[in-house]
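Next come the chains, spelled out residue by residue.
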Amino acid sequence: MPRPLKLSARAEALQPSLTLAIAARAKSLKAEGRDICSLSAGEPDFDTPAFIREAAAQALESGLTRYGPAAGEPALREAIAQKLTKENHVPTSAGDVLVTNGGKQALYNLFQVLLEPGDELLLPAPYWLSYPEMARLAGASVRFITSSAAEGFRLDPERLEAAITPASKLLVLNSPGNPTGMVLSRSDLEAIAEVLRRHPQVAVVCDEIYEFLLAPGHSHHSFAAVAPDLADRVFTVNGFAKGWAMTGWRIGWLAGNSAALKAASALQSQSTSNVCTFAQYGALAAVTGSRECIQTMAAQFSHRRELLSDGLQAIEGVQLLPPQGAFYAFPNISSTGLDSMTFCERLLDEQGLAVVPGGAFGDNDCIRLSCAASDATIQDGLARLQRFIETL
Ligand code: PLP
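Attention in this report is confined to the structure presented alongside it.

The rules behind the values
- Residue numbers run consecutively from 1 along every chain, following the written order of its sequence.
- Thresholds applied to this predicted model are a pLDDT of at least 70 for local features of residues and 80 or more for the giving and counting of side-chain atom pairs; totals over whole chains, interfaces and linings are not thresholded and use all residues.
- Side-chain calculation: all heavy atoms of the structure are included, whereas hydrogens and water are not.
- Only C-alpha atoms enter the line fits that serve as axes; for helices the fit covers just the stretch in contact. Angles between N-to-C directions range over 0 to 180 degrees.
- Secondary structure elements are defined from DSSP: runs of H or I of at least 4 residues count as helices, runs of E of at least 2 residues count as strands, and each element is numbered from the N terminus.
- Angles below 35 degrees are treated as roughly parallel, those above 145 as roughly antiparallel, those between 65 and 115 as roughly perpendicular, and all remaining angles as oblique.
- It is the rotation of the near helix from the far one that decides the hand of a crossing: anticlockwise by less than a right angle makes it left-handed, clockwise makes it right-handed.
- Two residues form a contact once any of their heavy atoms are found within 4.5 Å.
- Buried means the residue's accessible area, taken with a 1.4 Å probe over protein chains only, is under 20% of the maximum for its type, while exposed means over 50%, and partly exposed covers the values in between.
- Here, any two strands with at least 2 DSSP bridges between them count as paired.
- Any Lys or Arg side-chain nitrogen located within 4 Å of an Asp or Glu carboxyl oxygen qualifies as a salt bridge.
- The nearness test applies per residue and asks whether one of its heavy atoms lies within 4 Å of the molecule or strand.
- We define a polar contact as two N or O atoms separated by no more than 3.5 Å, with the added condition that, inside protein, one atom must be a possible hydrogen donor and the other a possible acceptor, whereas residues neighbouring each other in sequence contribute only through side-chain atom pairs.
- Each residue is assigned to one class: nonpolar for Ala, Val, Leu, Ile, Met, Phe, Trp, Tyr, Cys and Pro, charged for Asp, Glu, Lys and Arg, and polar for all the others, Gly among them.

**Side note on the packing of helix α4 (residues 74-87) against helix α11 (residues 277-288)**
For step 1, the next point in the chain: Closest axis-to-axis distance for the α4/α11 pair is 9 Å, and the angle between their directions is 25 degrees. It follows from the interaxial angle that α4 and α11 lie roughly parallel. Note that α4 runs across α11; the crossing there is left-handed. Packed against α4, whose contacting residues are A75, L76, A79 and K83, the element α11 presents Q280, A283, L284, V287 and T288 at the interface.

As structure tokens, this is what we get:
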């Protein structure tokens, strides 16, 4: 009998991404012929704008098919530095930008170079589900700072202050946020900065991947611009996936403190090396190009966000704090008496609607629905949800 292969404790402890698992289950049910409606997607349903595709195709045709610098093509690093400096008011030089395989690798690399056993990640909850897993992979523990819909899902500065210990090493800010759609205002960020000034051991990573997807009346502020005195311990993570509809391209970036960026770049050079060379030229066209394509898609998302929010608010038994950005809604379904996992499993089995259980994001009373779908799909999903709740 062959002995079972012994995996590392690190691998044994790892949780696979539940959002990807739900999407896969919905796909396989569909392949079996079931009538499935999915509001579980975490990606825009638009095609990447043509001028970006053309720039990458041209780079490919012109032979940009070889290894490049591990930290990214110099022209793209420079363009991202310019974007941060001009658009986000975060003065950045090209040397302090690392081009990564999506925002995910930017976060992964940063956690690896900053966190170690004994350190704590400070994580406002509900949270995007990869943060805790990445922190644990780096050997750190996670201290959750919870807020409810009644508190606007905002990070309360007093609760932040109370959560900080000498082991606290890194705070995650994600605005606009996944899964809640919460947007931190300038005054929210100022209050957070005030707390952090008293705790010099705590660095901050701002995940700004949904930067361009805002409901009318809301604006995006980069924390590094609001608190320039803290710039040396503030990292910015962003990418092309959501704003430019480039999820499959796998291009993001990490910017901030030179020493940490150097370490993250060395890590990347020993693990994945550079992001696909010709794809980086598509990203270069995107970041240096007009923002018109983003505005068009963002307007569509605003319309759909409203459609989804209004529909959810009209369903008895569902409580929703309307999202202010990103493309999700995170309603509370606790009045049904079901936990989020049971709710989602039964919803998929009984009504063929795929959504993601809030338990995956640290709130078992909620479910996450995506509005990255057509109006017809959103309306169909809302009707299935209503039917399901009526049967309970
Ligand atoms: N950060 C948040 C909050 C996300 O929701 C996602 C993707 O869903 C990412 C980062 C990762 O994005 P990317 O596709 O650029 O790796």
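Further notes follow.
**A few points about the pairing of strand β3 (residues 120-125)**
For step 1, the next point in the chain: Of all six residues in β3, six are buried; the element is thus mostly enclosed.
For step 2, the next point in the chain: Across the two faces of β3 the burial is the same, with E120, L122 and P124 and L121, L123 and A125 all buried.
For step 3, the next point in the chain: Where β3 meets strand β4 (residues 141-146), six bridges bridge the pair, whose relative direction is parallel. By the bridge assignment, P124 is partnered in β4 with I145.
For step 4, the next point in the chain: Where β3 and strand β5 (residues 168-174) come together, three bridges link them in parallel fashion. Paired with L121 across the strands is L170, a residue of β5.

**Describing the pattern of salt bridges**
For step 1, the next point in the chain: All told, the structure shown has 17 salt bridges when counted by the stated rule.
For step 2, the next point in the chain: Between D45 and R304 there is a salt bridge, and its shortest N-O distance comes to 2.9 Å. Of the two residues, D45 sits in the loop between β1 (37-38) and α3 (50-61) while R304 sits in helix α12 (residues 292-313), which places them 259 residues apart along the sequence.
For step 3, the next point in the chain: D45 gets classed as partly exposed once you look at its relative accessible area, which sits at 39%.
For step 4, the next point in the chain: The salt bridge partner of K83 is E211, with a shortest N-O separation of 3.0 Å. Of the two residues, K83 is situated in helix α4 and E211 in the loop between β6 (203-207) and α9 (223-226); the sequence distance between them amounts to 128 residues.
For step 5, the next point in the chain: Relative accessible area serves as the criterion here: at 4%, K83 is assigned to the buried category.
For step 6, the next point in the chain: Each of the salt bridges in this network shares a partner with another, and the network as a whole consists of K83, E87, E211 and R291.

**Here we look at the environment of L76**
For step 1, the next point in the chain: Checked against the element boundaries, L76 lands in helix α4.
For step 2, the next point in the chain: For L76, the contacting residues outside a window of four places in its chain are V99, F240, I251, Q280, A283, L284 and V287.

**Points about the site of the ligand**
For step 1, the next point in the chain: Every one of the 13 residues lining the ligand counts as a neighbour, but G103, D207, Y210, K242 and R250 are closest to it.
For step 2, the next point in the chain: N178 is positioned with one of its side-chain polar atoms (N or O) 2.8 Å from an oxygen atom of the ligand.
For step 3, the next point in the chain: Contacts to the ligand include R250, whose side-chain N or O atom sits 2.7 Å from an oxygen atom.
For step 4, the next point in the chain: Examining the composition of the shell around the ligand, we find that three residues originate from one element, helix α5 (residues 102-114), more than from any other.
For step 5, the next point in the chain: In the shell around the ligand, the residues fall into five nonpolar, four polar and four charged.

**A look at the packing of α12 against helix α14 (residues 375-391)**
For step 1, the next point in the chain: Contact geometry for α12 and α14: axes closest at 10 Å, N-to-C directions at 15 degrees. Taken together, the axes of α12 and α14 are roughly parallel relative to one another. Seen along the crossing, α12 lies across α14 with a hand that is right-handed. Contacts between α12 and α14 involve H303, R304, L307, L308, G311 and L312 on the former and, on the latter, D375, I378, Q379, L382 and L385.

**As for the sheet that holds β5**
For step 1, the next point in the chain: Strands sit in the order β2-β8-β7-β6-β5-β3-β4 across an open sheet of seven strands; the sheet is mixed. Each having just a single partner strand, β2 (97-100) and β4 make up the two edges of the open sheet. Averaged over all pairs of adjacent strands, the angle between strand axes in this sheet comes to 20 degrees, irrespective of strand direction.
For step 2, the next point in the chain: Pairing geometry for β2 and strand β8 (residues 252-255), over four bridges, is antiparallel. Directly across from L98, in β8, lies its bridge partner L254.

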